[in-house]
Amino acid sequence: MTHNDYQERLAAYALDALDPVDSQALGEHLSNCMQCRDELIGLRDTSALLAHAATAQAPGDRVRAQIVSRVRAEAAPTPAQVVQMPVRGKTVWPNVLRLAAAIAFVALLAGVIVLWRRDSRLQREIARLSRRVDTQQNQMERDRDLMAQQKEALVLLTSANAKKIELNGTQVAQNARATVMFDEKTGRAMLFTQGLPALAADKAYEVWFIPKGHAPMPGKVFIVDPSGHAMIADQMPPEAMNNAVIAITIEPKSGSAAPTGAIYLASRAS
Amino acid sequence: MQAETSQISDNDLLKAIARGDEAALTGCYDRYRLILFSLILRILHDRHEAEDVLQEVFLQVWRRAKDFDESRGRAFTWLVTIARSRALDRLRASGSRIRSVTEAEADPPDRMGDAAEDAVRSEEAAIVRQALAELPEEQRRTLLMAYFEGLTQSEIAARLGDPLGTVKTRMRSGLMKLRELLRDQRRE
């Protein structure tokens, strides 16, 4: 493609409407071309103005209060705490310890997934862990997202309809691994990843479900925690329930409608 | 609080949010709730889901305000992009199929409720709607399908039964023309 060809595709790219192959090629070009990057900024600003075309509608009054209460529950760091954040080892920020405990628990849980069907002793282990989850929920009152996901993981693990798909790291992420557990009936899925590198602030990982002969269907956009783990709840599209490849690529931080970045993890095609 | 924050620029509002200023977040909510909720509702067509997503959006704003870089585009663009992305994610995750073209284009009368609207924002909306009305219908339709339904050029071509090349041209011409019209507006 000539530079002109790339320029001509910027408008569609700004609208996230470029088809996957072109999108990937243009994405690579953009990392080398400041002129196109600058033009893209302007085109994205123009595209965003399309939001004004939507009929003006007001949300209910309770939404504001709900946002405030959830934000307060997240305990935003004060400037003093922000300064302390990079300190390693013993930290005065209690949530980091709780989160670390949660991560350790998830890693433990991930290990349990592999064998649970085959050993009845592990069934009792799961029961014990579920009681532990209840205890930890009291301690981790503020970390609601993680809590909801742990519950969901257990529901999924004990479901008779649960299926498992393993993802392996590609060349760019040889140490990465992931497991997807999903319920065949409801399509609810949990994705556990490990060994994925931390990303720059403007990037994130995105899940793709690729049924045979179908274009990739976007799943959740996520980032990993400091230890390289992620646990994500997602929904398998009906088309992907049998015989689909699941992949994880790197994308812009707000995600992409089609894969544009390198593939980090992929399951085997059957 | 509302009176105090109404003088602050969008950029400064986001910087304050990045510092953990809760009043700045509610100020941002008050300023942007109409435009963002309207956008999300247009995409999802479900008020309950849209309110849910609006909450998620402002949580993401709260967590990621420090990532906003004013050299990489307007604050408006950053906020609207988050809202659009989250709404399209929810649209795809819910498994509900995209509504028909005619429904997406329907233009019911404005229903803004009791809220006082930022005078500057409503002026910008009027300018943009006027500019959109000046685009050829096919170009406008292509832009709106891409933006509000999250469709690619191929999907739009398939949906309309038009050649892909035609759709590509309309999309590019449409966005370029919109940009031109809005530039001319600002010069006046």
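Our subject in this report is the structure included herewith. Throughout, a residue's number is its position along its own chain's written sequence, starting from 1. Both sets of labels track the order of writing: A upward for chains, 1 upward for ligands. With pLDDT at 70 or above as the cut-off, local features in this predicted model cover only qualifying residues; side-chain atom pairs require 80 or more to be listed or tallied, and sums for whole chains, interfaces and linings still use all residues. Where side-chain values are given, they derive from all heavy atoms of the structure, hydrogens and water being excluded.

## Description of the sheet that holds strand β1 (residues 162-169) of chain A
All names here are of chain A. Strand order in this open sheet of eight strands is β5-β4-β7-β8-β1-β2-β3-β6, and the pairing throughout is antiparallel. Only two strands of the sheet have a single neighbouring strand rather than two, namely β5 (217-222) and β6 (230-235). On average, adjacent strands in this sheet sit at an angle of 25° to one another, irrespective of strand direction. Here, any two strands with at least 2 DSSP bridges between them count as paired. Counting from the N terminus, the helices are DSSP H or I runs at least four residues long and the strands are E runs at least two residues long. Both β1 and strand β2 (residues 177-183) contribute to a ladder of seven bridges, which runs antiparallel. Considered in β2, the bridge of K163 is made with F182. Angles shown run from 0 to 180 degrees and are taken between the N-to-C directions of axes, each axis being a line fitted to C-alpha atoms and, for helices, limited to the stretch in contact.

## Considering the pairing of strand β8 (residues 263-267) of chain A
All names here are of chain A. Bridge analysis of β1 against β8 gives three bridges, and the strand direction is antiparallel. Within the sheet, the bridge partner assigned to G169 lies in β8 and is L265. As paired strands, strand β7 (residues 244-252) and β8 are joined by three bridges and run antiparallel to one another. Bridging from a neighbouring strand, I248 pairs with L265 of β8.

## Looking at the pairing of strand β4 (residues 203-211) of chain A
Residue and element names in this part refer to chain A. The element β4 is extensively covered by neighbouring structure, given that seven of its nine residues are classed as buried. Relative to β5, β4 is paired through four bridges, and the arrangement is antiparallel. Residue pairing in the sheet places W208 in a bridge with P218 of β5. What sits between β4 and β5 in their antiparallel hairpin is a turn of five residues, with G213 showing a positive phi close to 70°. Only protein chains enter the accessibility calculation, which uses a 1.4 Å probe. A residue is then buried if its area is under 20% of the maximum for its type, exposed if over 50%, and partly exposed in between.

## Examining the pattern of salt bridges
Residues and elements named next belong to chain B. Any carboxyl oxygen of Asp or Glu within 4 Å of a side-chain nitrogen of Lys or Arg constitutes a salt bridge here. Within the structure shown, the criterion is met by 25 salt bridges over all chains. For D52, the salt bridge goes to R90, with nearest N and O atoms at 3.3 Å. Highlighted residues: D52 in helix α4 (residues 47-64) and R90 in helix α5 (residues 75-93), separated in sequence by 38 residues. Note on D52: relative accessible area 33%, which makes it partly exposed. R90 sits in the buried class, given a relative accessible area of 19%. Across the pair E149 and R159 runs a salt bridge whose closest N-O atoms are separated by 3.3 Å. Pair noted here: E149 is in helix α8 (residues 137-149) and R159 is in helix α9 (residues 153-160), with a separation of ten residues, a long-range link. Residue classification places E149 among the buried positions, given a relative accessible area of 6%. In this structure R159 comes out as partly exposed when scored by relative accessible area, which is 33%. Beyond isolated ion pairs, a larger network of salt bridges with shared partners links E137, E138, R141, D162 and R170.

## Considering the packing of aromatic side chains
Two measures describe an aromatic ring pair: the distance that separates the ring centres and the angle between the ring planes. All names here are of chain B. Under the pairing criterion, centres of Phe, Tyr and Trp rings, with the six-membered ring standing for Trp, must be within 6.5 Å; the plane angle then separates stacked pairs below 30 degrees from edge-to-face pairs above 60, leaving the rest tilted. On inspection of all chains with the given rule, the structure shows six aromatic pairs over all chains. A centroid spacing of 5.1 Å and a plane angle of 70° characterise the contact between Y29 and F58, whose relative ring orientation is edge-to-face. Here Y29, found in helix α3 (residues 22-44), pairs with F58, found in helix α4; they are 29 residues apart in sequence, far enough to count as distant. In this structure, Y29 and F58 share a single accessibility class: buried. With centroids separated by 6.1 Å and ring planes inclined at 45°, the aromatic side chains of Y32 and F76 adopt a geometry described as tilted.

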